Amino acid sequence: MTATVPNPTAAASDIAPGALAASTAPATGTAPTTGLVPATATVTAPLSFDAPGSMSISDVSCYYGSHLAVADVSLEIPGRAVTAFIGPSGCGKSTLLRAINRMHEVIPSARAEGTISLDGVDLYAKGVDPVAVRSKVGMVFQKPNPFPAMSIKDNVLAGLIIKGQRPRASAADELVERCLTRAHLWDEVKDRLRKPGDSLSGGQQQRLCIARAIAVQPDVVLMDEPCSALDPISTLAIEELMRDLARDYTVVVVTHNMAQANRISDITAFFSLASAGQPGRLIESGPTGDIFSAPKVIATRDYIDGRFG
């Protein structure tokens, strides 16, 4: 799949019913439902690769111009669960994450090849709108990025506001309360909704960004090192939130924190690269309890034990 670079300033928009399905065939190969529970994670339901929000990554490679950054990744991501991408810096974790919701191609000359499917729909199929993809596959970045010129309330509604679809006052109030409650932030901000979004603490800003991401009703929430700039208390709040969100959303998180990956994720995928300048590759993936207690690849064990990376 070689995609056309979209307008980088375009806002997320709703996907019309059937708009994606009409342009693609079902994904090949469906993994069976499992009941595996990682050692330290709290799973609310058996893992399922058929659950809503399940994703299939098949033979995906990502480029920056002629530079191959990530090579030949194939990975199944179960719906309504947390999948963690771990690995040393520069191995392509964040690049692959951005390719999942077609933000990678926003960078000039960047492209992705292969197949990325959501619920059997090829997100890079001809005729699929990248902006519509980002409505269904939201993103939370490493550094909290609330819109400083917008109030806390309007930050939650930002996706709808930018699309010109701001709901009526009562519906907007209900949506804001629901999303902030889901982001574990409502009680902290309910009396100052008209204050600027950047008036909040770092941890609160990150939870506000999560509320903004889920306000457009995505199926998948991607998080790129969402706790790296936060203190331990805020980190714990975000970790608890990720586990809670997995009841209704598919969550994929990039993290360098091995303890965090072990605590929060159901599935862990380890990426690495042979040497500097070589593309990153998926080395091993599986239930988090297995990856951390009995990895099949020596490189995985060495990384988890802190011998490199």
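Just above sits the structure.
Keep in mind it's a predicted model, so treat the numbers as computed, not measured. Along each chain, numbering runs from 1 in the same order as the chain's sequence is written. Where local features are concerned, this predicted model is filtered to residues with pLDDT of at least 70; where side-chain atom pairs are given and counted, the filter is 80 or more; whole-chain, interface and lining totals use all residues. Just so you know, side-chain values use all the structure's heavy atoms and leave hydrogens and water out.

Student: Requested: an account of the packing of helix 7 (residues 202–214) against helix 8 (residues 232–245), with residues and values cited.
Tutor: Interaxial distance between helix 7 and helix 8 falls to 9 Å at its minimum, and their mutual angle equals 20 degrees. Judged by the angle between their axes, helix 7 and helix 8 are roughly parallel. Read as a crossing pair, helix 7 and helix 8 show a hand that is right-handed. Contacts between helix 7 and helix 8 involve Gly 203, Gln 206, Arg 207, Ile 210 and Ile 214 from the former and Ser 234, Ala 237, Ile 238, Leu 241 and Leu 245 from the latter. Residues that form the contact of helix 7 with helix 8 fall into these classes: six nonpolar, three polar and one charged. To obtain an axis, a line is fitted to C-alpha atoms, over the contacting stretch when the element is a helix, and the angle between two such axes runs from 0 to 180 degrees between their N-to-C directions. Per the convention used, a helix needs a DSSP run of H or I reaching at least four residues, while a strand needs a run of E reaching at least two, with both numbered from the N terminus. Working definition: roughly parallel below 35 degrees, roughly antiparallel above 145 degrees, roughly perpendicular at 65 to 115 degrees, and oblique for all remaining angles. Should the near helix be turned anticlockwise from the far one by less than a right angle, the crossing is left-handed, and should it be turned clockwise, the crossing is right-handed. Residues count as neighbours in contact if any of their non-hydrogen atoms are within 4.5 Å of one another. In this classification, Asp, Glu, Lys and Arg are treated as charged, Ala, Val, Leu, Ile, Met, Phe, Trp, Tyr, Cys and Pro as nonpolar, and every other residue, Gly included, as polar.

Student: Before we move on, can you summarise the pattern of salt bridges with the specific residues and values?
Tutor: In what follows, salt bridge is the name for a side-chain nitrogen of Lys or Arg lying within 4 Å of a carboxyl oxygen of Asp or Glu. Applying the stated criterion to the full structure yields 16 salt bridges. The partner of Asp 244 in a salt bridge is Arg 182, and the shortest N-O contact between them spans 3.0 Å. Here Asp 244, found in helix 8, pairs with Arg 182, found in helix 5 (residues 169–182); they are 62 residues apart in sequence, far enough to count as distant. Arg 182 carries the same exposure label as Asp 244, and that label is buried. A salt bridge links Asp 248 to Arg 182, with the shortest nitrogen-to-oxygen separation between them at 2.8 Å. Of the two residues, Asp 248 sits in the loop between helix 8 and strand 8 (250–254) while Arg 182 sits in helix 5, which places them 66 residues apart along the sequence. Three exposure classes are used, based on accessible area relative to the maximum for each residue type with a 1.4 Å probe and protein chains only: buried under 20%, partly exposed in between, and exposed over 50%.

Student: Explain the packing of helix 5 against helix 7 to me, and be specific about the residues and the numbers.
Tutor: Between helix 5 and helix 7, whose axes approach to 8 Å, the crossing angle comes to 125 degrees. Relative to helix 7, the element helix 5 lies oblique. Taken as a pair, helix 5 and helix 7 cross one another with a handedness that is right-handed. Side by side, helix 5 and helix 7 meet where Cys 179, Leu 180 and Arg 182 of the first sit next to Leu 208, Ala 211 and Ile 214 of the second. Broken down by class, the residue content of the contact of helix 5 with helix 7 amounts to five nonpolar, no polar and one charged.

Student: Describe in detail the packing of aromatic side chains, supporting the description with residues and values.
Tutor: What describes a pair of aromatic rings is the distance from one ring centre to the other and the angle between the planes of the rings. Pairing of aromatic side chains here covers Phe, Tyr and the six-membered ring of Trp, requires ring centres within 6.5 Å, and sorts the geometry by plane angle: under 30 degrees stacked, over 60 edge-to-face, intermediate tilted. Taken as a whole and assessed by the stated rule, the structure comprises two aromatic pairs. Two conditions define a charge located above a ring, namely a distance within 6 Å from the ring centre to NZ of Lys or CZ of Arg, and an angle within 35 degrees of the ring normal. A cation over an aromatic ring shows up here: Arg 102 above the ring of Tyr 124, its NZ or CZ 4.5 Å from the ring centre. Above the face of the Tyr 63 ring, Arg 111 is positioned so that its terminal group lies 4.0 Å from the ring centre.

Student: Break down the sheet that holds strand 5 (residues 121–122) for me, citing the residues and quoting the values.
Tutor: Whether two strands pair depends on DSSP finding at least two bridges between them. Reading across from one edge, 2-1-4-5 is the order of the four strands in this open sheet, with antiparallel pairing throughout. Only two strands of the sheet have a single partner each, and these edge strands are strand 2 (67–77) and strand 5. Bridge count for strand 1 (residues 55–64) against strand 4 (residues 110–118) is eight bridges, and the pairing is antiparallel. Paired with Met 55 across the two strands is Leu 118, which belongs to strand 4. Relative to the sheet, helix 1 (residues 93–100) contacts strand 1, strand 2 and strand 4, its axis offset from that of strand 1 by approximately 115 degrees.

Student: Please provide a residue-by-residue account of the sheet that holds strand 8, values included.
Tutor: The strand order 6-7-8-3-9-10 describes an open sheet built from six strands, whose pairing is mixed. Strand pairing shows two members of the sheet lacking a second neighbour, strand 6 (137–140) and strand 10 (281–287), which therefore form its edges. Going from strand to strand, the sheet's axes swing by 20 degrees on average, the running direction of each strand aside. The sheet contact formed by strand 3 (residues 82–86) and strand 9 (residues 267–272) spans four bridges and is parallel. Bridge pairing in strand 9 links Phe 85 to Ala 269. This element, helix 1, spans strand 3, strand 6, strand 7 (220–224), strand 8 and strand 9 of the sheet and lies at about 155 degrees to strand 7. Across the sheet, helix 7 touches strand 6 and strand 7, and the angle it forms with strand 6 is around 170 degrees.

Student: Summarise the pairing of strand 3; cite the residues concerned and give the values.
Tutor: Within strand 3, five of the five residues are buried, leaving the element largely enclosed by the surrounding structure. Burial of the side chains of strand 3 extends over both faces: Val 82, Ala 84 and Ile 86 are buried on one face and Thr 83 and Phe 85 on the other. Direction of pairing for strand 3 relative to strand 8: parallel, over a ladder of four bridges. Pairing of Ala 84 across the sheet is with Val 253, part of strand 8.

Student: Could you give me a rundown of the nonpolar core, with the residues and numbers involved?
Tutor: Judged by nonpolar contacts, the single largest core of 45 residues is most densely connected at Val 156, Leu 180, Met 223 and Leu 245. If we skip the residues at most four places from it in the chain, Leu 245 touches Arg 182, Ile 210, Ile 214, Met 223 and Val 251. One finds Ala 69, Ile 77, Val 128 and Met 139 within the second-largest nonpolar core, a separate group that totals 32 residues. What we call a nonpolar core is a set of buried Ala, Val, Leu, Ile, Met, Phe, Trp, Tyr and Cys residues that are connected through their side-chain atoms within 4.5 Å.

Student: So what's going on with helix 5? Residues and values would help.
Tutor: Three- or four-residue spacings in an α-helix give side chains the same orientation, since the helix completes a turn every 3.6 residues. Spanning 14 residues, helix 5 covers 20 Å between terminal C-alpha atoms, matching the ideal 20 Å at 1.5 Å per step. Restricting attention to buried positions, one finds in helix 5 the residues Ala 172, Leu 175, Val 176, Cys 179, Leu 180 and Arg 182. In a view along the axis of helix 5, the buried residues occupy a sector of 160 degrees, so they form one face of it. Turned more than 90 degrees away from the buried face of helix 5, the exposed residues are Ser 170 and Glu 174. The span expected for a helix works out to 1.5 Å for each residue beyond the first. The arc in question is formed by the directions pointing from the helix axis toward the C-beta atoms.

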